[in-house]
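# Observations on the model geometry
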Amino acid sequence: MIYYIVPIAVMFLVFKMIVYFMMKTLLKEAFEDQYISNKEVKIGEKRYHVFFISCSKHDQIRINSHAFIEIIRPNQKKNQLIPVNLKSHHIYITSNTTSNIRRVINENEEVFLTCGEKIFQSYVMMRKQLQTCKEQLI
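So, a few notes on the structure that sits alongside this text. Keep in mind the model is a prediction, meaning the values are calculated, not measured. (Residues numbered from 1 in each chain as written. Predicted model: local features only at pLDDT ≥ 70, side-chain atom pairs only at ≥ 80, totals over all residues. Heavy atoms only, no water.)

## Some remarks on the pattern of salt bridges
For the record, the criterion: The salt bridge definition used is simple: a Lys or Arg side-chain nitrogen within 4 Å of an Asp or Glu carboxyl oxygen. Whether a residue is buried, partly exposed or exposed follows from its accessible area with a 1.4 Å probe, protein chains only, as a fraction of its type maximum: under 20%, in between, or over 50%, in that order. Counting from the N terminus, the helices are DSSP H or I runs at least four residues long and the strands are E runs at least two residues long.
Within this structure, the stated rule accounts for four salt bridges. Where Glu70 meets Arg62, a salt bridge forms, and the shortest distance between an N and an O atom there is 2.7 Å. Residue class for Glu70 comes out buried when judged on its relative accessible area of 8%. For the salt bridge of Arg62 with Glu110, the shortest nitrogen-to-oxygen distance reads 3.1 Å. Here Glu110 lies in strand 8 (residues 109–112) and Arg62 lies in strand 3 (residues 60–63), a separation of 48 residues in the sequence. By relative accessible area, Arg62 is classed as buried at 19%. The partly exposed category is assigned to Glu110, whose relative accessible area is 35%. Counted as one network, the salt bridges with shared partners bring together Arg62, Glu70, Arg102 and Glu110.

In structure tokens:
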């Protein structure tokens, strides 16, 4: 009986390792150049990590929850979810987009974000609004 269990357990562990490395590679490819977190800024008494989200000018940004920001690409007819943590002190800056950032309130309602509006514990803003938002936050 033990002669059957050991090879099956080894095959299961090998399979699990292969799936882990494949998922890691896919996630790297999917989120490559999506955001860079190499900046830290102090606003008032709190330190914020700054993340840059790159997108084209036709993309639309929608905040679904505290865990995801969705990039809607109408030209390609596909959406991309970017994992974030809006409950921490972060600033997310979107580049090149011309449409306003939307936040989902419930299934049927969305609102546009104003410059400097706090979402949970973080801020999400467009790059062209950066100077205005910075003046409002300080």
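## So, unusual backbone geometry
The phi angle at Phe120 is positive, at roughly 55°, despite the residue not being glycine. Locating Phe120 in the fold gives a position in the loop between strand 9 (118–119) and strand 10 (122–126). On the basis of relative accessible area, Phe120 is assigned to the partly exposed category, the value being 37%.

## Examining the environment of Glu107
Of note, Glu107 is situated in the loop between strand 7 (102–106) and strand 8. Classification of Glu107 by relative accessible area gives exposed; the value is 80%.

## Topic: the nonpolar core
For clarity, the cut-off: Working definition of a nonpolar core: buried Ala, Val, Leu, Ile, Met, Phe, Trp, Tyr and Cys residues. They are joined through side-chain atoms within 4.5 Å. Residues are treated as being in contact if the distance between any of their heavy atoms lies within 4.5 Å.
Ile63, Ile69, Leu86, Tyr92, Ile101 and Val124 are the most contacted members of the largest nonpolar core, which totals 16 residues. Among the secondary structure elements, those contributing two or more residues to this core are strand 2 (46–54), strand 3, strand 4 (68–73) and strand 10. Aside from chain neighbours lying at most four places away, what touches Ile69 is Ile53, Ile61, Arg62, Ile63, Gln80, Leu81, Ile82, Val84, Tyr92 and Val124.

## Examining the packing of aromatic side chains
How we decide: In summary, the pairing rule links any two rings of Phe, Tyr or Trp, Trp by its six-membered ring, whose centres are within 6.5 Å, and it sorts them by plane angle into stacked for under 30 degrees, edge-to-face for over 60 and tilted for everything else. Here, over-ring charges are defined by two tests on the NZ atom of lysine or the CZ atom of arginine: distance to the ring centre within 6 Å, and angle to the ring normal within 35 degrees.
Per the stated rule, a full pass over the model turns up two aromatic pairs. Pairing Phe51 with Tyr92 gives two aromatic rings, centres 5.0 Å apart and planes at 20°, and the pair type is stacked. Residue Phe51 is found in strand 2, and its partner Tyr92 is found in strand 6 (residues 90–95); the two are separated by 41 residues along the sequence. Assessed through its relative accessible area of 3%, Tyr92 is described here as buried. Above the ring of Phe120, the side-chain terminus of Arg103 is found at 5.3 Å from the ring centroid.

## Section: the sheet that holds strand 5 (residues 78–83)
This is how the line gets drawn: Two strands make a pair as long as DSSP finds a minimum of two bridges between them. Only the stretch in contact is used when a helix axis is fitted, and all axes are lines through C-alpha atoms; the angle between N-to-C directions ranges over 0 to 180 degrees.
With mixed pairing, the five strands of this open sheet are ordered in space as 5-4-3-7-8. Single-partner strands in this sheet number two, and they are strand 5 and strand 8. On average, adjacent strands in this sheet sit at an angle of 30° to one another, irrespective of strand direction. With six bridges joining them, strand 4 and strand 5 adopt antiparallel strand pairing. Residue Phe68 lies in a different strand from strand 5, and its bridge partner there is Pro83.

## A few points about empty space enclosed by the protein
Formally: Both site types are read off a 1 Å grid over the protein atoms alone. A 1.4 Å probe that fits but cannot get out defines a cavity, while an open set with protein on both sides within 12 Å along at least five of seven lines defines a pocket; lining residues have an atom within 4 Å of a point. Grid points are joined across faces, edges and corners, and a volume is the space filled by probe spheres set on the points. Under the grouping applied here, Gly and all other residues not named as nonpolar or charged are polar, the nonpolar ones being Ala, Val, Leu, Ile, Met, Phe, Trp, Tyr, Cys and Pro and the charged ones Asp, Glu, Lys and Arg.
Inspection of the entire model under this criterion finds one cavity of 30 Å³ or more. Taken as a whole, the largest cavity holds about 40 Å³ of empty space. Every residue lining the largest cavity is listed: Asn100, Ile101, Leu113, Thr114, Val124, Met125, Met126 and Gln129. Residues that form the lining of the largest cavity fall into these classes: five nonpolar, three polar and no charged.

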